[in-house]
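# Residue-level structural notes
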Amino acid sequence: MAFSSSSDLTGIHSPAQLNWRVGTGGWSPADSNAQQWLQMDLGNRVEITAVATQGRYGSSDWVTSYSLMFSDTGRNWKQYKQEDSIWTFAGNMNADSVVHHKLLHSVRARFVRFVPLEWNPSGKIGMRVEVYGCSYKSDVADFDGRSSLLYRFNQKLMSTLKDVISLKFKSMQGDGVLFHGEGQRGDHITLELQKGRLALHLSLDDSKARLSNSLPSATLGSLLDDQHWHSVLIERVGKQVNFTVDKHTQHFRTKGETDALDIDYELSFGGIPVPGKPGTFLKKNFHGCIENLYYNGVNIIDLAKRRKHQIYTVGNVTFSCSEPQIVPITFVNSSGSYLLLPGTPQIDGLSVSFQFRTWNKDGLLLSTELSEGSGTLLLSLEGGILRLVIQKMTERVAEILTGSNLNDGLWHSVSINARRNRITLTLDNEAAPPAPDSTWVQIYSGNSYYFGGCPDNLTDSQCLNPIKAFQGCMRLIFIDNQPKDLISVQQGSLGNFSDLHIDLCSIKDRCLPNYCEHGGSCSQSWTTFYCNCSDTSYAGATCHNSIYEQSCEVYRHQGNTAGFFYIDSDGSGPLGPLHVYCNITEDKIWTSVQHNNPELTRVRGANSENPYAMALDYGGSMEQLEAVIDGSEHCEQEVAYHCRRSRLLNTPDGTPFTWWIGRSNERHPYWGGSPPGVQQCECGLDESCLDIRHFCNCDADKDEWTNDTGFLSFKDHLPVTQIVITDTDRSNSEAAWRIGPLRCYGDRRFWNAVSFYTEASYLHFPTFHAEFSADISFFFKTTALSGVFLENLGIKDFIRLEISSPSEITFAIDVGNGPVELVVQSPSLLNDNQWHYVRAERNLKETSLQVDNLPRSTRETSEEGHFRLQLNSQLFVGGTSSRQKGFLGCIRSLHLNGQKLDLEERAKVTSGVRPGCPGHCSSYGSICHNGGKCVEKHSGYLCDCTNSPYEGPFCKKEVSAVFEAGTSVTYMFQEPYPVTKNVSLSSSAIYTDSAPSKESITFSFVTAQAPSLLLFVNSSSQDFLAVLLCKNGSLQVRYQLSKEESHIFTIDAENFANRRMHHLKINREGRELTIQMDQQLRLSYNFSPEVEFKVIRSLTLGKVTENLGLDTEVAKANALGFVGCMTSVQYNHIAPLKAALRHATVAPVTVHGTLTESSCGFMVDSDVNAVTTVHSSSDPFGKTDEREPLTNAVRSDSAVIGGVIAVVIFIIFCIIGIMTRFLYQHKQSHRTNQMKEKEYPENLDSSFRNEIDLQNTVSECKREYFI
């Protein structure tokens, strides 16, 4: 064992083994700085398992932290890593105590270096060290790139069902075949280096495809041309293969018809010799060393060393590893790293060459000031392209661009030669095209060459760097055709440098393994990696977060109405999004997943030997569908079987003729409406089948069409994945089936809530395992000042979320580098007993905390040090392991990495915690609009639209109708009618014995007719309130309060019969009246104290049909009533139009004439007489009544043709009848218009065009208030 060092206090290499007390008592360098190291030569390669350190004896010199490096040759060092990061070992706290460290991964090396990082601030660097381990024996073969070993089998063909191949290798070349074997029938196995990665080709397929034209079965590893040992293990059993390179394993299934690998004659190692052509090879040979090469237990190198007959050697293979003495260097810092090397000045010309590798797109490679005023030469990477520029002052004399994507992490060679006015740039042995204007450039070499960057103290003329410094590795630097000794640079005897690692290349592939989740693509620079999440349906720094919500319930909660959506049931988990239809109704939120065969399908000619089978595809995996089903309270699928002499289930004990396959691939012989385990249909349960001897209608085997239809609702069996039919091959036997979409309602995740009512209470769950990515989301509400939401501890690591003050949420996490705290301050109090949303995330790129819609707090994650979150205790929710700082309040919808924690189930068996949490309406009541009332449910809330003129899940959908001439809707005020569930009916009661102290009337209308009577409220035979349009299109509100007293209010801001939507609001509070038109206050008036308002008897929209003795103006307007569209009609708490359309059978409402539900938006600026009624269905998978035989769909072709002819004849007769009536009405209308010019025509278009002339209108409404 021998010691050496970067420098020594004594000037000679001092012994520095543990407990050494002689002389200086250990090692101290001449200067204590970050460039010092202590090296041990162990004589041979050994297996190192542990190290120990002390300070220097009898001094105040000790090292408090250090790193380790290893080497086989004393060159090309490798840093010791744990968790894929350069590991820092804790050192000593005094000079004498010994600190041991056992290595997590043993290392095989001859040389060890201790590199001090920090030391006693009151002293200097001082070390005594020891290394522990055992001897290491190995068999090594050295291949020179033109050689190989052939392992020849004892028989012609080697056929194996399983294989195990293991080896270690080291190489400086990025390409080369490690081993190869093939059979004449097409089987082959090949392992080769391709651009520093290992590619495994493996095929059991008996085809003639060869290696040259096939893609690798698997590719693993990166930067494997670093002249360090790498281990390979290939394990195959049949078609299943495990491929391991270093610590990374890939599992795959190979192609092939059989499970055997058939190799003919031999396996070749190190290359693929061409038969019959000695010394020639099919592909590039491996150049480097292979160690401990085993093929199915056979030590190949040992056989070769002992010259056994099974081994045939091609070329020169030696059995000791020849190590090239190449010294790489690493430029660490993107701003301060540089290497200065001297050159020979004033030579006519220039010659510089080197190799580099990097991940950065940009960086200065070389800058040198040329002699004789010939300018400055710059060589740089810009956007991954090599750029050579010669610049004089600000003038660019010459420029050459070559290469692309040179930041790929591979070694690239560069050479610059300038001779006799010509300059040549060579990249990877290919000369770049010459600069177009460089023929006259005269170059004289300078005396200083700056590689990688520039020192801070130089002028631009000495070293120019227009972009950032280079981060990466260089080697084999030649100046004026002379190699430069970089060890001399390290020792200070040549050139100068800053922020360099000399004698190691510390490049790291940050995309191996790929930490971009869900298929995100990884790219990298020298210091970090980036994830491209496009086309993944995920977002975030590591593509962790789904861009879609977890359920239809969440979309509804955001205010969405029915439509197609993507839902991601497990959020950031492994399952992808699924396309569904969210049917959001007033009381349920249905999730529908359609399959590929929604139509009624006819089946003939099937029997038990030749069954009919149809598989159903739902556009997603079974795991996705199961997640939707398991997250729902109820799921169902409607199944219909139409039959004619086609039996369905047979008897309960017989073999079924038809069955369906469910989620577990099991056969189910029961049908819709029946529970599982009972071989029956719905009619069998309620004893209503056609033949009481059978339990399905179809089992009666009738000659007439019948059907069995019902719902399958046992969740554990859904969805239906296949239907099999076997009884349609008899005479006149036929069947037709239809399976509806999978439909579910009731979100078991979003409203899953618990209440904590003692500080010492908590819920505990299994450990939260989230080494690389962790996301936590939940809702909370509280009145407490502080409390811990959740906590999970490890040995050192922990994660904690808490409300630390009434307006502050804190997320604290430690992955081993010290705690990180993120805080979000809210401008308003968070303990206001309202629901608030919290989402915390930690990944390898950043840590973040989001509260409600406040700005997100983020902090970048350190690229070095520990990065695995390692927890081992239970997860505590609502408290901590110390039972202090517990949370008082409610937590809802807690998800960890997309997985729901079932809080309610755990709360049922935990004291101090109650399942559920009331009070959703206090937070979300505002989502119910237009007078809708928020109603609490155990799991969520719903909007009760009973007292609103609107409907829908949020009371935002207008209820509109088209009125024709003579249409009348009359609402009689009386005791309230029952139209709502679970709501007190008295809330909408208007009793007949009390006059309203206030009136609120709102509605919207579209019309082209004037005059028109819009609304009429009758109090007694004399008193009424009328809203009408005068002949000139102005709006008039008339209050008749007694026989003598009437009040008329006219709004003539425009002609309101102009085919546009207008919104009217009349509000009377006691005696104060206000009228708004189109959201503008048009009129305000106070009635005199003597005015008395009577009890309301009825309200009429459109034409008043009763003989109420209307005055002249109202009677004129009432001649036709109202023709147009009216929507959102409300009188106090009554919605008369909605009652007429939705509750006509129970509400006290009478409709005369034609009232057609329609959207008024279709009528705006269109022909009001030609309204197209639009019927919308809330279910896109439209259903027919399949309880009747769908005869047209399943009858014979002749019957179908006959039916079509009958329908066509019927339609023709209908058209003739309609045209006759239209012509007759048009003739009558024309005649009436000629006879009575002042009467109101029925043709509104001609009325609108010819009679409403606002320039020459004389108002027919005489008695008005002008306010």
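Within an unreviewed UniProt entry, the label attached to the protein reads Contactin associated protein family member 5, and the organism entered is Callithrix jacchus. What the UniProt record of the protein gives under Sequence similarities (unreviewed entry) is the line "Belongs to the neurexin family."

Moving on, we get to the pairing of strand β79 (residues 1035-1040). Burial runs high along β79: six of the six residues are buried. Taking every second residue as pointing to the same face, both faces of β79 are buried, with Leu-1035, Val-1037 and Tyr-1039 on one and Gln-1036, Arg-1038 and Gln-1040 on the other. As judged from the six bridges shared by strand β78 (residues 1024-1029) and β79, these two strands associate in the antiparallel manner. Paired with Phe-1024 across the bridge in β79 is Gln-1040.

A few words on the pairing of strand β82 (residues 1072-1077). Where strand β81 (residues 1062-1069) and β82 come together, six bridges link them in antiparallel fashion. Each bridged residue has a counterpart across the sheet, and for Arg-1068 the counterpart in β82 is Leu-1073. Joining the antiparallel neighbours β82 and strand β83 (residues 1080-1086) is a turn of two residues, in which Asp-1078 adopts a positive phi near 55°.

Next up on the list: the nonpolar core. Residues Phe-1003, Leu-1035 and Tyr-1039 are the most contacted members of the largest nonpolar core, which totals 47 residues. Setting aside anything within four residues of it in sequence, one finds Tyr-1039 in contact with Glu-999, Phe-1024, Leu-1025, Glu-1045, Ser-1046, His-1047, Phe-1049, Ile-1066, Arg-1068, Leu-1073, Phe-1087 and Phe-1093.

In this structure the tally under the stated criterion is 16 disulfides. Across the disulfide, Cys-454 is cross-linked to Cys-463 (sulfur-sulfur distance 1.9 Å). Looking down the S-S bond of the Cys-454 and Cys-463 bridge, the torsion is -75°, so its handedness is left-handed. Exposure remark for Cys-454: the relative accessible area of 12% places this residue in the buried category. Residue pairing for Cys-516: its cysteine sulfur links by disulfide to Cys-531, the two sulfurs lying 2.0 Å apart.

Let us now look at the sheet that holds strand β80 (residues 1046-1051). Spatially, the seven strands line up as an open sheet ordered β80-β79-β78-β77-β84-β75-β86, and their pairing is antiparallel. The sheet is open, and its two borders are formed by β80 and β86 (1149-1152), each paired with just one other strand. For this sheet, the mean angle separating the axes of adjacent strands, direction not counted, is 10°. Here six bridges tie strand β77 (residues 1012-1018) to β78, and the two strands are oriented antiparallel to one another. Along β78, the bridge assignment pairs Leu-1015 with Val-1027.

Parameters at a glance
Residues numbered from 1 in each chain as written. Predicted model: local features only at pLDDT ≥ 70, side-chain atom pairs only at ≥ 80, totals over all residues. Heavy atoms only, no water. UniProt positions renumbered as here; feature names shortened; annotations may be inferred. Buried < 20%, exposed > 50% of the residue type's maximum accessible area, 1.4 Å probe, protein only. Helix = DSSP H or I, 4+ residues; strand = E, 2+ residues; numbered from the N terminus. Pairing = 2+ DSSP bridges. Core = buried A, V, L, I, M, F, W, Y, C linked by side-chain atoms within 4.5 Å. Contact = heavy atoms within 4.5 Å. Disulfide = S-S within 2.5 Å. Axes fitted to C-alpha atoms, helices over the stretch in contact; angles between N-to-C directions.

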